[in-house]
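Chains, contacts and geometry: an overview
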Amino acid sequence: MTEKIMAIDAVVNLWTPEVLALRPQGRDAFYQDKMRVPGATDAGLTLEAMLARMDEAGIERAFLIAHRCGPKGPPACWRLPYEMVAEAVAAHPDRFSGLAGIDPTEGMAGVRALESAVREMGFIGAHGYPHWFELAPNHARWYPFYAKCVELDIPIQLQVGQSMIYAPDYPTESVGRPITLDPVACHFPELKLIGIHVGIPWVDEMIAMAWKHPNVFVGTDAHSPKYWPQSFVRYMDSYGRYKVLFGTDFPVLQFERTMAEIDALGLRAESRAAVLRGNAQRIYRL
């Protein structure tokens with residue numbers, strides 16, 4: 001029998017009707033048609049409904065992203081005010097934590113906003129989508145934010161791998177190669193850097209970065225566990241078990257199905273406990 005472990009989901013989108021009211025037209029096609037998000041979910045969930053879904057799946061805590069999109073973002077791009085995530089966290093501090101989205105084009109104003117989110121609103125980490133800005137993780141415009149993360153002693157998540165969005169007027173060249181984390185980790189060895197979205201299709205490159213750098217980790221969100229490359233499953237079940245964090249990018253992946261697919265991988269007990277809970281506790285100092 002698989003031991004019961006209450007998971008920590010490190011990548012979750014706040015999906016209340018109030019949040020979705022901010023969403024511009026055009027996003028429904030992405031979530032429903034491409035990501036296959038069920039219609040009932042895509043219509044929005046109250047915090048209580050989300051917590052019930054988490055309980056059913058065996059997820060104790062979710063890290064909620066206050067994402068930020070810039071002027072070069074994909075069509076129908078939008079940003080979520082820090083305050084809306086902070087309100088959800090304040091309502092359920094034992095179940096939710098906040099991640100402050102970063103727009104690297106904001107410069108020092110954005111750096112000061114990140115510091116305020118951490119010091120005044122209680123956010124526990126930063127989060128960024130390089131594809132939304134056409135700026136790879138090793139671009140200089142990210143560096144002031146990295147320095148602030150080190151100063152605040154918070155991790156930062158960055159999407160690596162291909163962009164999941166296609167549009168004729170959106171760039172087709174990916175800026176998310178995991179190898180671009182290499183100079184960042186060299187320049188900021190204290191920075192806790194998490195490459196989310198597994199790094200697909202450059203998974204072995206992401207594994208290499210996590211193997212090389214003590215403070216580089218891999219987030220498992222946005223790609224269904226049953227489709228993960230075998231090299232990644234072997235990594236997380238062996239020498240990489242302490243370098244991988246569970247995530248869904250809900251509602252891109254559904255809580256219940258994702259947990260069931262992880263159980264179906266047959267991971268060793270030590271690996272499963274570390275990936276589902278222990279690594280997030282350690283890296284985020286919960």
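Refer to the preceding data block for the structure.
Summary of the structure given here. Because the structure is a prediction, the values reported are computed rather than measured. Each chain has its residues counted from 1, following the order in which its sequence is written. Side-chain atom pairs in this predicted model are given and counted only at pLDDT of 80 or more, local residue features only at pLDDT of at least 70, and totals for whole chains, interfaces and linings cover all residues. By convention in this description, side-chain values take in all heavy atoms of the structure and omit both hydrogens and water.

Turning our attention to the pairing of strand S7 (residues 216–219). Exposure classes here rest on a 1.4 Å probe applied to the protein chains alone. A residue is buried below 20% of its type maximum, exposed above 50%, and partly exposed in between. Runs of H or I in DSSP of at least four residues are treated as helices and runs of E of at least two as strands, each being numbered from the N terminus. Of the two faces of S7, the one holding Val216 and Val218 and the one holding Phe217 and Gly219 are both buried throughout. Of the strand pairs in this sheet, strand S6 (residues 193–196) and S7 are connected by three bridges, and their pairing is parallel. In the strand pairing of S7, isoleucine 194 is matched with phenylalanine 217. With strands facing away from the observer, any crossover in which the path from the first strand over the helix to the second runs clockwise is taken as right-handed. Traced from S6 through helix H9 (residues 203–212) to S7, the parallel crossover comes out right-handed. Relative to strand S8 (residues 244–245), S7 runs parallel, the two being bridged by two bridges. Paired with valine 218 across the bridge in S8 is valine 244. Each parallel crossover has a hand, and the one from S7 via helix H10 (residues 230–236) to S8 is right-handed. Pairing between two strands requires that DSSP report at least two bridges joining them.

The subject of this paragraph is the pattern of salt bridges. Between Lys or Arg on one side and Asp or Glu on the other, a salt bridge is scored when a side-chain nitrogen of the former is within 4 Å of a carboxyl oxygen of the latter. One pass over the full model with this rule turns up 18 salt bridges. Among the ionic pairs, lysine 148 bridges to glutamate 151, the shortest N-O distance being 3.0 Å. With a gap of three residues between them, lysine 148 and glutamate 151 both fall in helix H7 (residues 143–152), about one helical turn apart. Linking arginine 177 and glutamate 205 is a salt bridge whose minimum nitrogen-to-oxygen distance equals 2.5 Å. Placement of the pair is arginine 177 in the loop between strand S5 (156–159) and helix H8 (181–187) and glutamate 205 in helix H9, with a sequence separation of 28 residues. The class of arginine 177 is partly exposed, set by a relative accessible area of 32%. Of the residues examined, glutamate 205 reaches a relative accessible area of 18% and is grouped as buried. What emerges from the salt-bridge pattern is a single network uniting Arg68, Arg79, Asp103 and Glu106.

In this section: the packing of aromatic side chains. Working definition: a ring pair exists when centres of Phe, Tyr or Trp rings (six-membered ring for Trp) sit within 6.5 Å. Plane angles under 30 degrees give stacked, over 60 give edge-to-face, the rest tilted. This model, assessed by the stated rule, comprises 10 aromatic pairs. On the numbers, 4.1 Å between centres and 5° between planes, the contact of phenylalanine 250 with phenylalanine 255 is stacked. Owing to a relative accessible area of 0%, phenylalanine 250 belongs among the buried residues under this scheme. Taking relative accessible area as the criterion, phenylalanine 255 reaches 0% and is therefore assigned buried. One aromatic cluster is present, formed by Tyr143, Tyr146 and Phe188 through successive ring pairs. One cation-aromatic arrangement involves arginine 68 over tyrosine 82; the distance from NZ or CZ to the ring centre is 4.1 Å. The ring of phenylalanine 217 carries the charged tip of lysine 243 above its face, separated from the ring centre by 5.3 Å. Two limits define a charge over a ring: the Lys NZ or Arg CZ must be within 6 Å of the ring centre, and within 35 degrees of the ring normal.

The next subject is the side chain of lysine 192. Position of lysine 192 among the secondary structure elements: in the loop between H8 and S6. Residue contacts are counted whenever heavy atoms from the two residues lie within 4.5 Å of one another. If we skip the residues at most four places from it in the chain, lysine 192 touches Asp153, Pro155, Ile156, Asn215, Phe217, Ile283 and Arg285.

Another point: the environment of histidine 67. Along the polypeptide, histidine 67 turns up in the loop between strand S2 (59–66) and helix H5 (82–91). For histidine 67, a relative accessible area of 6% puts it in the buried group. Residues histidine 67 and proline 81 lie 14 residues apart in sequence; the distance between their C-alpha atoms is 7.9 Å. If we skip the residues at most four places from it in the chain, histidine 67 touches Asn13, Trp78, Arg79, Leu80, Gly101, Tyr129 and Trp132.

Every buried residue of helix H11 (residues 255–263) is listed here: Phe255, Thr258, Met259, Glu261 and Ile262. Along H11, the residues classed as buried sweep out an arc of 160° about the axis, all on the same side. Where H11 is buried, its residues contact strand S1 (7–13), helix H4 (47–57), S2 and helix H12 (269–283). What the arc measures is the spread of directions leading from the helix axis to the C-beta atoms.

Following the sequence through the fold, glutamine 159 ends up in strand S5. Polar contacts involving the side chain of glutamine 159 include one to the main-chain carbonyl oxygen of glutamine 162, which spans 3.2 Å. Setting aside residues up to four positions removed in sequence, glutamine 159 forms contacts with Gly128, Tyr129, Pro130, His131, Met164, Ile196 and His197. Think of a polar contact as two N or O atoms within 3.5 Å of one another; within protein, one of them needs to be a possible hydrogen donor and the other a possible acceptor, and neighboring residues in sequence only count if both atoms come from side chains.

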